[in-house]
Amino acid sequence: MPTDRLVLGDPAAPVTVTEFGDLECPYCRSAAPVLRALVEESAGRVRLVWHHFPLFQVHPHALIAALAAEAAAEQGRFWEMQEALFAQQDRLAEPDLRAVGARLGLDPDLVAGPGAQRFADLVEADYLGGLDLGIRGTPTLLIQGERYRGPVELSALRAAVAAV
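Residues numbered from 1 in each chain as written. Predicted model: local features only at pLDDT ≥ 70, side-chain atom pairs only at ≥ 80, totals over all residues. Heavy atoms only, no water.

Asks: Sorry if this is basic, but what is going on with the side chain of Asp22 here?
Replies: Looking at the secondary structure, you find Asp22 in the loop between β2 (15-21) and α1 (26-40). For Asp22, which is buried and forms no salt bridge, the nearest opposite charge comes from Arg29, at a distance of 10 Å. One polar contact links Asp22 to His59, side chain to side chain, over a distance of 2.8 Å. If sequence neighbours within four positions are ignored, Asp22 has contacts with Cys28, Trp50, Phe53, Pro54, Leu55, His59, Ala62, Phe86 and Thr138. (Helix = DSSP H or I, 4+ residues; strand = E, 2+ residues; numbered from the N terminus. Buried < 20%, exposed > 50% of the residue type's maximum accessible area, 1.4 Å probe, protein only. Lys, Arg positive; Asp, Glu negative; His and termini not counted. Salt bridge = Lys/Arg side-chain N within 4 Å of Asp/Glu carboxyl O. Polar contact = N/O pair within 3.5 Å; in protein donor to acceptor, adjacent residues only side chain to side chain. Contact = heavy atoms within 4.5 Å.)

What follows is the structure, given as structure tokens:
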């Protein structure tokens, strides 16, 4: 499994929910507020770890969006960038990514284009790690390393976490 770099919540939380996601995936966009709520209401018991799994075959901007998110992560702004990109999934071309970066106070030249390419190894490691685990679609959730197959609904996720 790739390293846990992108963590929402207490890094020392006893329960880890891992998401393999694609920033251009509408199902990942729908899952995001549910997963955030799960972490926020857990009183430090649950942390969310994001791993990039850009489905570049069907989402033409997923890879450059992942690179932009990594550029934001380098400056401690991954979750803000994720939220901003989910909010405008129909606008993820390089000029759009630069504009989002600028809006978040990031250097647009590091968020898109050649400047963002330095993050390709991180995105590739996440993607290959997902393939090694048999991940084929997004969002794919793991709870404590075990595949979660239930609905991405708060009540169902609460129950799954409580069962750990």
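Asks: Mind showing me how you'd approach the packing of aromatic side chains here?
Replies: Pairs of aromatic rings are described using the distance from one ring centre to the other and the angle between the two planes. Tallied over the full model, the rule gives six aromatic pairs. A ring pair is formed by Trp50 and Phe78, whose centres lie 6.1 Å apart and whose planes are at 45°; its orientation type is tilted. Linking Trp50 in strand β3 (residues 46-52) with Phe78 in helix α3 (residues 78-87), this pair joins segments that are 28 residues apart in sequence. Across this residue pair, the class does not change: Trp50 and Phe78 are buried. With centroids separated by 6.3 Å and ring planes inclined at 70°, the aromatic side chains of Trp50 and Phe86 adopt a geometry described as edge-to-face. Here Phe86 lies in helix α3 and Trp50 lies in strand β3, a separation of 36 residues in the sequence. We note that Trp50, like Phe86, is buried. One aromatic cluster in this structure is built from Phe20, Phe53, Phe56 and Tyr127. (Phe/Tyr/Trp six-rings, centres within 6.5 Å; stacked < 30°, edge-to-face > 60°.)

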